[in-house]
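What the coordinates show
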Amino acid sequence: MGVDFFAGIIIFVFGAVIGSFLNVVILRLNTGQSTISGRSKCFTCAKKLKWHELLPIISFVLLKGKCSACKTKISWQYPLVETITGIIFVLLFQQSQISNLKSQNFFDFGFLVLIFSILIIIAIYDYHHQIIPNFFVWIFNGLAFLWLFNFGNLSAIWRIENFNMDGFLAGFILFAFFALLWGVSKGRWMGFGDVKLALGIGWLLGMAKGAAAITLAFWIGAIIGVLLIYLSKNKYGMKSSIAFGPFMVLGTMISFFWGEKIISFLF
Ligand SMILES: [Zn+2]
């Protein structure tokens, strides 16, 4: 408790607000609507939302998950993405050791916040549409590439001499692995978006943590897949597919924060 606890609360609220914005981006992506302009409104009755109906997490609770005018249910996605984004920002804040108050750490935190926000967009969008938006996967890959210039490490200095060649190669190894699976299965096991995403995951995490992330993705994906088939026999048959991108993102995030522990447990 103390300064760090107070700072953690502020970072969580900041994350929840960004999460609320990410929801809007995900929702309006490829619909032709502007993500910046245009007030939020109910999709059923078009009621414009008041300021107190736009607060992350809190509004959902106060409205009991329903539109105040037409009582249409509001998707759980909103408070869920807001909460997850808040938690991720707090974890990034802890890892960046901003309490040291070095400008380097602020820069690392801002950079990682951007990378993880894009990963959240990719995961939720893929979950809904079973496709990874090209624009966001290449932004992610670009940022992950830049991350190699601080040796893929927090608190290292960003310069050319620190370029993480092993991490750079790890991206191509993971890319090749996924391209092989994609080719062998003729695109039935995963989409090419997942192949592209693997490149940035390797660049962000390096070989050991990257392999851990992919292993986790396959395990979690398999467990969820079996559960879905078991729990709802009619809805998810053996033939129906679920997007793999969300599991890759989940594996990446878990490996980023707890990679060392997972590697010592797995290998
Ligand atoms: Zn409504």
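In case you missed it, the structure is sitting above this.
All figures in this text were calculated on a predicted structure; none of them were measured in a lab.

**With respect to the packing of aromatic side chains**
Summed over all chains, the structure comprises 29 aromatic pairs. Arranged with centres 5.6 Å apart and planes meeting at 45°, the rings of Phe116 and Phe257 form a pair that is tilted. Taken together, the positions of Phe116 in helix α4 (residues 103-129) and Phe257 in helix α8 (residues 245-266) put the pair 141 residues apart, joining distant regions of the chain. Of the two residues, Phe116 and Phe257, neither departs from the other in class, the shared state being buried. With centroids separated by 5.6 Å and ring planes inclined at 85°, the aromatic side chains of Phe177 and Phe178 adopt a geometry described as edge-to-face. Residue classification places Phe177 among the partly exposed positions, given a relative accessible area of 37%. Here Phe178 falls in the buried class, since its relative accessible area comes to 0%.

**Thoughts on the coordination of the zinc ion**
Each donor-metal-donor angle would ideally measure 109.5 degrees in four-coordinate tetrahedral geometry, or 90 or 180 degrees in six-coordinate octahedral geometry. The coordination sphere of the zinc ion contains the protein donors Cys42 (SG), Cys45 (SG), Cys67 (SG) and Cys70 (SG), at a distance range of 2.3 Å. In this structure, the zinc ion is surrounded by four donor atoms whose angles at the metal cover 106 to 113°, and the resulting shape is tetrahedral. Each donor residue of the zinc ion belongs to the same chain, and together they define the spacing C-x2-C-x21-C-x2-C. Judged by relative accessible area, Cys67 falls into the buried class, the value being 6%. In this structure Cys70 comes out as partly exposed when scored by relative accessible area, which is 29%.

Conventions adopted
Residues numbered from 1 in each chain as written. Predicted model: local features only at pLDDT ≥ 70, side-chain atom pairs only at ≥ 80, totals over all residues. Heavy atoms only, no water. Phe/Tyr/Trp six-rings, centres within 6.5 Å; stacked < 30°, edge-to-face > 60°. Helix = DSSP H or I, 4+ residues; strand = E, 2+ residues; numbered from the N terminus. Buried < 20%, exposed > 50% of the residue type's maximum accessible area, 1.4 Å probe, protein only. Donors = N, O, S within 2.8 Å, 3.2 Å for Na, K, Ca; no water. Tetrahedral: all angles 85-135°; square planar, octahedral: opposite > 155°, others 65-115°.

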